[in-house]
Amino acid sequence: MSVTLDGDNSGLVPGRSQHNTGIPPKPLTRRPFRRTRRLFRGPRPESVPALVGTACTLVGLMDIAAGVFPRFRHSRMHTFAEVLPGALGPLSAALSLSAGVLLLLLAHGLKRRKRRAWRAAVVLLPAGTVAQFGYRHSLVGALLSLVLLAPLLRHRAEFAALPDPRSRWKALANFFLMGAGSIGLGLIIVSVHPHRTVGNPSLAERLEHVLYGLFGLDGPIDYSGVVSGTVGDSLGALGLLTALTTGYLAFRPEHPAARLTEDDERRLRALLARHGGRDSLGHFALRRDKGVVFSPSGKAAVCYRVVSGVMLASGDPIGDVEAWPGAIERFMDEAKAHSWTPAVMGCSETGGEVWTRETGLDALELGDEAVVDVPDFSLHGRAMRNVRQMVTRIERAGYETRVRRVRDLSDGELARIRRAADDWRGTDTERGFSMALGRIGDPADGDSVIATAHRPGQDAAGPYGDLKALLHFVPWGTDGMSLDLMRRDRSADPGMNELLIVASLRAAPALGVARVSLNFAMFRSALARGERLGAGPVLRGWRGLLVFLSRWFQIESLYRFNAKFQPRWEPRYVVFRSTGELPRIGFAAMRAEGFVTLSLPRPLRRLTRDRNPRPCAHDIASPPDHEVRTA
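Thresholds, definitions, all that
- Residues numbered from 1 in each chain as written.
- Predicted model: local features only at pLDDT ≥ 70, side-chain atom pairs only at ≥ 80, totals over all residues.
- Heavy atoms only, no water.
- Core = buried A, V, L, I, M, F, W, Y, C linked by side-chain atoms within 4.5 Å.
- Buried < 20%, exposed > 50% of the residue type's maximum accessible area, 1.4 Å probe, protein only.
- Helix = DSSP H or I, 4+ residues; strand = E, 2+ residues; numbered from the N terminus.
- Contact = heavy atoms within 4.5 Å.
- Axes fitted to C-alpha atoms, helices over the stretch in contact; angles between N-to-C directions.
- Parallel < 35°, antiparallel > 145°, perpendicular 65-115°, else oblique.
- Nonpolar A, V, L, I, M, F, W, Y, C, P; charged D, E, K, R; others polar.
- Salt bridge = Lys/Arg side-chain N within 4 Å of Asp/Glu carboxyl O.
- Left-handed = near helix turned anticlockwise from the far one by under 90°.
- Arc of directions from axis to C-beta.
- Phe/Tyr/Trp six-rings, centres within 6.5 Å; stacked < 30°, edge-to-face > 60°.
- Lys, Arg positive; Asp, Glu negative; His and termini not counted.
- Patch = residues over 30% accessible without salt bridge, like charges linked within 9 Å, V, L, I, M, F, W, Y side chains within 5 Å.
- Areas by Shrake-Rupley, 256 points an atom, 1.4 Å probe, with all protein chains shown as cover.

Within the largest apolar cluster, 33 residues are counted, with the highest numbers of intra-cluster contacts made by F377, M496, V516 and F565. When contributions to this core are tallied by element, the ones reaching two or more residues are β8 (362-373), α13 (385-396), β10 (449-454), β11 (467-475), β12 (480-488), α15 (496-511) and β13 (515-522). The element contributing the most residues to this core is α15, with 8 residues. Discounting chain neighbours no more than four positions away, the residues touching V516 are A370, V371, V372, V374, F473, W476, M481 and L505. Listed in part, the 21 residues of the second largest apolar core include V293, A323, V344 and V575.

Before going further, it helps to spend a moment on the packing of helix α17 (residues 537-553) against helix α18 (residues 555-563). A pair of packed helices can be characterised by two numbers: the angle between their axes and the separation between those axes. Running from amino to carboxyl end, α17 crosses α18 at an angle of 95°, the nearest separation of the two axes being 5 Å. Taken together, the axis directions place α17 and α18 in an arrangement best described as roughly perpendicular. Residues R543, L546, V547, L549, S550 and F553 of α17 form the contact with α18, whose own contacting residues are I555, E556 and R560. Residue composition of the contact of α17 with α18, by class: 5 nonpolar, 1 polar and 3 charged.

Enumeration according to the criterion identifies 23 salt bridges in this entry. Between R269 and E265 there is a salt bridge, with the nearest N and O atoms lying 3.0 Å from each other. Highlighted residues: R269 and E265, both in helix α10 (residues 262-275), separated by 4 residues, approximately one helical turn. Take R269: its relative accessible area is 23%, and that puts it in the partly exposed class. On the basis of relative accessible area, E265 is assigned to the buried category, the value being 10%.

Packing of helix α11 (residues 324-338) against helix α12 (residues 349-359) leaves a shortest axis separation of 10 Å and a crossing angle of 60°. In terms of axis orientation, α11 runs oblique to α12. For α11 against α12, the interelement crossing comes out right-handed. Only T350, G351, V354, W355, E358 and T359 of α12 make contact with α11, whose side of the interface consists of W324, P325, I328, F331 and M332. Classifying every residue of the contact of α11 with α12 by side-chain character gives 7 nonpolar, 3 polar and 1 charged.

The set of residues buried in α12 consists of G351, G352, V354 and W355. The arc enclosing the buried residues of α12, seen along the axis, measures out at 165°, which places them on a common side. In this structure, the buried side of α12 is in contact with β4 (300-307), α11, β7 (341-347) and β14 (568-576).

Below, the discussion takes up the packing of aromatic side chains. Taken as a whole, this structure holds 6 aromatic pairs when the rule is applied. Judged by centre distance (5.4 Å) and plane angle (75°), the rings of W424 and Y464 are edge-to-face. Taken as a pair, W424 in the loop between α14 (411-423) and β10 and Y464 in the loop between β10 and β11 lie far apart in primary sequence, 40 residues in all. Across the pair, exposure class does not vary: W424 and Y464 are buried alike. Taken together, the aromatic side chains of Y304, F331 and W355 make up a single cluster linked through ring pairs.

When you line up the elements, D484 lands in strand β12. One buried charged residue, D484, forms no salt bridge at all, with the nearest opposite charge on R287 at 6.5 Å. Those residues in contact with D484 that lie beyond four places of it in its chain are F284, M435, A436, L437, R439, H472, F473 and V474.

Moving on: a nonpolar patch on the surface. Taken together, the side chains of W542, L545, F548, W552, F553 and F595 present a nonpolar region at the surface, about 600 Å² in accessible area. Note that F553 resides in helix α17.

Set out below in structure tokens:
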């Protein structure tokens, strides 16, 4: 009996000859040919921006290291870096630093598929090829530049993200203004050392020395002593500053100042009238510093704001759940067209399921929302003893409460409440984005509820009369309200917030309110599980970190405050694309909420402020009914 391989090479079959199977053997060289074809075909188009951006990042880091650490410029690593595209070779430290930072800025724009970054790279790489071959006679460096240029030209369609149309002119204006200022200041630096200057250089030579120095090169003027290094470093710093500011303005992420138009607000209010009872955060979509995209049918919408290149949506989509996928698709199209990072803050479990199913994004539990069911609320029982005693003590001190709809307040009282809310704010900026409306007493928000605490007979002659504290609630459908803000006079007795929440819950039935949404407690479940008996070291460590961070962000204190009223906890989620983007999304969310502010000094802020912001001209190929409101 002969033993041979079966025709499909799946095993040993006795009694069969390989020549009698009738199936020709598979060629053994097919797999190497496939690998060779893949090598010549190059990377996948969607991966080209990341690969090219990573290459520019490596070169930029090497250039920065060469500028910061002198020993690195004479090491074998830098000898290898000199043949990479964009490397600067033997130029000075200032020029090396400038080019390194510019390459990092350009790499970020390439990774984000920015059309302007692609144009800059297409211009710079041939120039680098000429420099590599003509100046250093480096054939390897010239070939590497062309190799990096080839995928950029072949896959140019991948770099289609739209830029901010105004940043181009700001970058150009900055280049000329900063360049002129650097040249003028450089002439002063070059001329303030007459006793250390070798010879008597003319004005043309001084100007030439400044221009060379701004690029990190040695000019025609010589100095005695250490003055030469001081002048060179000063000129290089001016050139670096000009390059950094110009590069930042040219490749920065788009920051449109979004606002709702009257038509957008009308359409959103119509959707909330029909479907506003589903999400307690629905009314916060009416913030007028948000943009909005509508579904093709107009039955759903997603409100957002762009912060630090992150397209940040808040809460669930507005409108009919069946139309949510259309609005989400429009949202993702906008993010892709502008190379924004899509993210959602504070969506419900249902919203998170729809977002992840329709987009392939991931979700992470962010915290819990405290919701009190009015029929079940009572101050009786041991669990409510602390709240009951505090409210009783404050009422005995002579405080009174009033809970009314905004439309029932007079104009004078509303104006006084607005002034008090602004003056009692603890920070210079108004905080809130996903769970804050940003205004009080607007005529369009007549269904909102204001709870105020008063102390008649004491300090009634002050700027706010006898007003001592206030709460503002926005509508949650037809039978609910959601807490917007809490403000109180710092001189008032402690417990004002507890007093007003209890007063609001007591007055809720008369207002037709059956459920009240209180504050959002971030990482509430981690705090609760970490303090339980038998919690492991990981949970205890995580809880300890949250308690430490509570010194600045009130994580634990807000959870404790909400827990006083025995609410039910509704989880809220953050939706994101990849884990690596979470730090960027978190930073953008903190900026949107007002916890982190990045702004220029006030005099410079006035000079750079757009007094008449215009809508960004986004020429997107989209259907005629594509609704995007971005100013």
